[in-house]
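Overview (structure and organization)
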Amino acid sequence: MVLCQGGEAAAVPAAGGKEPEVPPSQEDGAGTGQPCLCPAPGMEAAGIEESRVCGCCWGLSSPRCCKALGTKKKAACPGLGLVYTVLSAFLFSVASLFLKKIEDVHSVEVSAFRCVFQMAFVLPGLIYYKTGFLGPKGKRIFLFFRGFLGSSAMILLYYAFQVMPLADATVITFSSPVFTSLLAWIFLKEKYSIWDLLFTLFAVTGVILIARPPFLFGSKVAGIEGSYTDHLKGTIAAITSTVSSASTFVILRKVGKSVHYFVSVWYYAVIGLIGCVIALFVMNEWRLPHCGKDRVLLILIGLLGLGGQIFLTKALQIEKAGPVAIMKTMDVVFAFILQILFLNHLPTWWTVGGALCVVASSSGTAIRKWRQTLKKAKQNEI
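The following refers to the structure shown. In this numbering scheme, every chain counts its residues from 1 along its sequence in written order. Thresholds applied to this predicted model are a pLDDT of at least 70 for local features of residues and 80 or more for the giving and counting of side-chain atom pairs; totals over whole chains, interfaces and linings are not thresholded and use all residues. Computation of side-chain values: all heavy atoms of the structure, hydrogens and water removed.

Some details on the overall build of the protein chain
- Starting at the N terminus, helices and strands are each numbered in turn, a helix being any DSSP run of H or I of at least four residues and a strand any DSSP run of E of at least two. Regarding its fold elements, the protein chain presents 14 helices and three strands.
- For the protein chain, the proportion of its 382 residues judged to be buried stands at 40%.
- Looking at the protein chain alone, contacts between residues at least 24 apart form 78% of all its contacts between residues at least 6 apart. Buried, partly exposed and exposed residues are distinguished by accessible area as a fraction of the type maximum, computed with a 1.4 Å probe on protein chains only: under 20%, between the cut-offs, and over 50%, respectively. The contact rule is simple, with two residues in contact once any of their heavy atoms fall within 4.5 Å.

Quick look at the packing of aromatic side chains
- Stacked, edge-to-face and tilted are the three classes for Phe, Tyr and Trp ring pairs, Trp counted by its six-membered ring, which pair at centre distances within 6.5 Å; planes under 30 degrees apart are stacked, over 60 edge-to-face, the rest tilted. Per the counting criterion, the structure on display carries 10 aromatic pairs.
- Here the aromatic rings of Y84 and F311 are separated by 5.6 Å at their centres, their planes lie at 35°, and the arrangement is tilted. Separated by 227 residues along the polypeptide, Y84 in helix α2 (residues 80-101) and F311 in helix α11 (residues 292-318) bring together distant segments of the chain.
- Taken together, the ring pairs connect F121, Y128, Y129 and F262 into an aromatic cluster.

A word on the nonpolar core
- Grouping buried Ala, Val, Leu, Ile, Met, Phe, Trp, Tyr and Cys residues that are joined through side-chain atoms within 4.5 Å yields what is termed a nonpolar core. With 30 residues, the main nonpolar core has I102, V110, Y158, F161 and V171 as its most contacted residues.
- Secondary structure elements with two or more residues in this core: α3 (107-129), α4 (140-163), α5 (166-173), α7 (194-211), α9 (228-255), α11, α13 (330-342) and α14 (349-381).
- If you look at the next biggest cluster of nonpolar residues, it comprises 13 residues, including L126, L149, I251 and V265.

Things to note about α7
- Helix span is expected to be 1.5 Å times the residue number reduced by one. Under the 1.5 Å per step criterion, the end-to-end length of α7 is 26 Å for 18 residues, consistent within 8% with the ideal 26 Å.
- Considered for burial, the residues of α7 that qualify are D196, F199, T200, A203, G206, V207, L209, I210 and A211.
- Trailing α7 by a residue or two, R212 shows a phi angle of about 50°, which is positive.

Concerning the packing of α3 against α4
- Axis lines are fitted through C-alpha atoms, for helices just across the contact stretch, and the angle between N-to-C directions can take any value from 0 to 180 degrees. Contact geometry of α3 with α4 gives a least axis separation of 8 Å together with a crossing angle of 130°. By the angle between their directions, the pair α3 and α4 is classed as oblique. Read as a crossing pair, α3 and α4 show a hand that is right-handed. The segment α3 lies against α4, with S107, V108, V110, S111, R114 and C115 engaging M154, I155, Y158, Y159 and Q162. Angles below 35 degrees are treated as roughly parallel, those above 145 as roughly antiparallel, those between 65 and 115 as roughly perpendicular, and all remaining angles as oblique. Crossing handedness follows the turn of the near helix against the far one: under a right angle anticlockwise gives a left-handed crossing, and clockwise gives a right-handed one.

Observations concerning a nonpolar patch on the surface
- Like-charged residues are merged into a patch within 9 Å and nonpolar side chains (Val, Leu, Ile, Met, Phe, Trp, Tyr) within 5 Å, provided each residue has over 30% relative accessible area and no salt bridge. Every accessible area reported is derived by Shrake-Rupley at a probe size of 1.4 Å, with residue values counting cover from the shown protein chains alone. For salt bridges, the criterion is a side-chain nitrogen of Lys or Arg within 4 Å of an Asp or Glu carboxyl oxygen. A contiguous nonpolar patch, built from I194, W195, L197, L198, L201 and F202 and spanning about 600 Å² of accessible area, is present on the exposed surface.
- Relative to the assigned elements, F202 resides in helix α7.
- Of the residues examined, F202 reaches a relative accessible area of 36% and is grouped as partly exposed.

A few points about the side chain of S244
- For S244, the position within the fold is in helix α9.
- Here S244 falls in the buried class, since its relative accessible area comes to 10%.
- In contact with S244, other than residues within four places in its own chain, are L149 and A153.

Some thoughts on the environment of T200
- The residue T200 is located in helix α7 in this model.
- Sequence separation between T200 and T365 is 165 residues, and the spatial gap between their C-alpha atoms is 9.2 Å.
- Polar contacts here mean pairs of N or O atoms no more than 3.5 Å apart (in protein, one a potential hydrogen donor and the other a potential acceptor; neighbouring residues in sequence count only if both atoms are side-chain atoms). There is a polar contact of 2.7 Å between the side chain of T200 and the side chain of Y192.
- A distance of 2.8 Å separates a polar atom in the side chain of T200 from the backbone oxygen of D196.

Structural notes on unusual backbone geometry
- Despite not being glycine, K130 shows a phi value in the positive range, around 55°.
- If you trace the backbone, K130 turns up in the loop between α3 and α4.

Considering the environment of T173
- With respect to the helices and strands, T173 occurs in helix α5.
- It is 9.4 Å that separates the C-alpha atoms of T173 and T240, two residues lying 67 residues apart in sequence.
- Not counting residues up to four positions away in its chain, the partners in contact with T173 are L157 and T242.
- Here T170 takes part through its backbone oxygen, which lies 2.5 Å from a polar atom of the side chain of T173.

What follows is the structure, given as structure tokens:
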């Protein structure tokens, strides 16, 4: 008799020279977590190698209790991961549009509502996977900074969305991969090549074209939404948000797979909520929206943000990170379209030029990392 478990077979002699009887729970295909017989004695001699079902599935119309040998997995729909990425980009962009439409809610309060939605989503996962709420002892300090920097990035980004054009803030956030490479070189000693330096310069150029500082472009800057002071504050907030977001990626690389994804998101939501509540009380901005429309928009922002995160996670599960990162540039396209259609704000040529620089920079970084990953995979195969 041969026992199979985890794809490895081992010969096990039967006591007394007799084959033990298979329990009924295994004969009817009910999963018991016990190893199953594979293949059944005499099956190959009977000329049925192509079926390759295991002994406890023998005689059934279809194998149910374990993975039958030789059965092919159902092929995934080609390009499904990229479709998920586009859906994620669309949901994030619509959430940003709704944030622009909110009139009487501070960006920190919006962030607090987003954290509540994150906690409600993650809590069942923590309980189901029994991961605990604090994580491994040696990793808690990294998780704390991941939560602090991640929530700070969210708050600053929401503030940028409220005080500057939607497309401008979205474009600046796309320089995150470039800053991630730079910080990984500084703190993790990862390789930083001349290409990375070139992409960094492209990203900085794009941000300058969007911010248009007066010492380069003069005191009169056209195409600014609201006052230039607010535009400059929003630009600084967006850049700081991008650097904070890049820092969280570096921390997650440092932690690796030793911490469950749900624990990481849990720290992000809890620390973010605590920080938001403290900030709101200090600024005396904590209040429910007076308008029913704003309350609905708050709920929709939470749901759309959660949906966008789910689709992005699913995309990364079935597609390589490189194509996903490139396709995620659709965020910029959707931001421009929604800004024109619903906010009646036409982007200037400076903004378009800056967007092209930043998108080229982030896409180049993603393609380079993707090619490096493929090269390493081929080397491992050899």
